[in-house]
Amino acid sequence: MLESLVTSKTRIKLLLKFFAHANSGYLRSLAKEFDESTNSVRVELNRLTEAGLLVSEEEGKTKVYRANKQHPFFSEITNMVSKFLGLDDLMERIVKRMGEVEKAYIVGDYALGVDSGTVNMVLIGKNLDTDYLDFIKEKTYEKVHRKVEVSILDSDPGDIQGILVYG
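Treat the numbers as computed from the prediction; the structure is a model and nothing was measured. (Residues numbered from 1 in each chain as written. Predicted model: local features only at pLDDT ≥ 70, side-chain atom pairs only at ≥ 80, totals over all residues. Heavy atoms only, no water.)

Concerning the packing of aromatic side chains
Under the defined criterion, the tally for this structure stands at two aromatic pairs. Seen in terms of ring centroids, F19 and F74 are 5.6 Å apart; in terms of plane orientation they differ by 45°. Their pairing is tilted. A residue pair is termed long-range when its members are at least 10 positions apart, and F19 in helix α2 (residues 9–19) and F74 in helix α5 (residues 74–85) qualify at 55 residues. Consider the rings of Y132 and F135, whose centres lie 6.0 Å apart with planes at 40°: the pair is tilted. Of this pair, Y132 and F135 both sit in helix α7 (residues 130–144), three residues apart, which is roughly one turn of the helix. Classification of Y132 by relative accessible area gives buried; the value is 8%. Relative accessible area serves as the criterion here: at 43%, F135 is assigned to the partly exposed category. (Phe/Tyr/Trp six-rings, centres within 6.5 Å; stacked < 30°, edge-to-face > 60°. Helix = DSSP H or I, 4+ residues; strand = E, 2+ residues; numbered from the N terminus. Buried < 20%, exposed > 50% of the residue type's maximum accessible area, 1.4 Å probe, protein only.)

Focus: the pairing of strand β4 (residues 100–107)
As judged from the seven bridges shared by β4 and strand β5 (residues 118–126), these two strands associate in the antiparallel manner. Opposite A104, over in β5, you have L123 as the bridge partner. Pairing analysis gives four bridges linking β4 to strand β7 (residues 162–166), with the strands arranged antiparallel. Each residue of the ladder has a partner; that of Y105, found in β7, is L164. (Pairing = 2+ DSSP bridges.)

Topic: the side chain of H71
Within the element layout of this structure, H71 appears in the loop between β3 (62–67) and α5. For H71, a relative accessible area of 16% gives the class buried. Sequence-distant contacts of H71, defined by excluding residues within four places in its chain, comprise A51, G52 and L53. (Contact = heavy atoms within 4.5 Å.)

Things to note about the sheet that holds β7
Taken together, four strands build an open sheet; the order of strands is β6-β5-β4-β7 and the sheet is mixed. Two strands bound the open sheet, and with one partner strand each, they are β6 (147–153) and β7. Strand-to-strand twist in this sheet, taken as the mean axis angle between neighbours without regard to direction, amounts to 30°. (Axes fitted to C-alpha atoms, helices over the stretch in contact; angles between N-to-C directions.)

What to know about the nonpolar core
Among the nonpolar cores identified, the biggest contains 19 residues, and L14, F18, F19, L30, V41 and L45 are the most heavily contacted of them. Listed by contribution, the elements that provide at least two residues to this core are α2, α3 (27–34), α4 (38–50), β3 and α5. Sorting elements by how many residues they give to this core places α2 first, with six residues. For L30, the contacting residues outside a window of four places in its chain are L14, K17, F18, G25, V41 and L45. Counting 17 residues, the second largest nonpolar core, distinct from the first, contains M91, V95, M98 and V119. (Core = buried A, V, L, I, M, F, W, Y, C linked by side-chain atoms within 4.5 Å.)

A few points about the pattern of salt bridges
The tally for this structure, following the rule as stated, stands at seven salt bridges. Here K13 makes a salt bridge to E36, at a shortest N to O gap of 2.9 Å. Pair noted here: K13 is in helix α2 and E36 is in the loop between α3 and α4, with a separation of 23 residues, a long-range link. Using a relative accessible area of 29% as the deciding quantity, one classes K13 as partly exposed. Through salt bridges that share partners, R11, E44 and R47 make up one connected network. (Salt bridge = Lys/Arg side-chain N within 4 Å of Asp/Glu carboxyl O.)

What to know about the pairing of strand β2 (residues 54–59)
In terms of strand pairing, β2 meets β3 through six bridges, oriented antiparallel. Residue pairing in the sheet places L54 in a bridge with A67 of β3. Joining the antiparallel neighbours β2 and β3 is a turn of two residues, in which G60 adopts a positive phi near 70°.

Written out as structure tokens, the structure is:
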């Protein structure tokens, strides 16, 4: 879906990086992370900044970019990116059918804004339906071509580093 709307692969990577998570980045680190030339990343950063989708600020001698949360389409783009990644559907299914889910976190690479192909989640709750979890993990892989790894905890340890997506 996203590829048909946005023809630049570099621009798609930037949208995923900045709108899937509250990330920031600078030119050279983004070029290295995406394995792209600094010029192609610079062109797309400039286009997204000129469109108002990204904002930049100087941190020393480095220009740091992040999503413009004040942009009128911020929430729509975030939702579109989430749908592209399949995370919205995954979270909705898990929370509705798993049982007494108190909290759900995305952790690991996705929490850092890196699409590694594996979504790591932590579910907190009691009496969760692990049979359904196995089923939904397989269906998610078939649909969005991403492996899902889930850890289940009875209670929140309070030190989970990730994005709280439910609870």
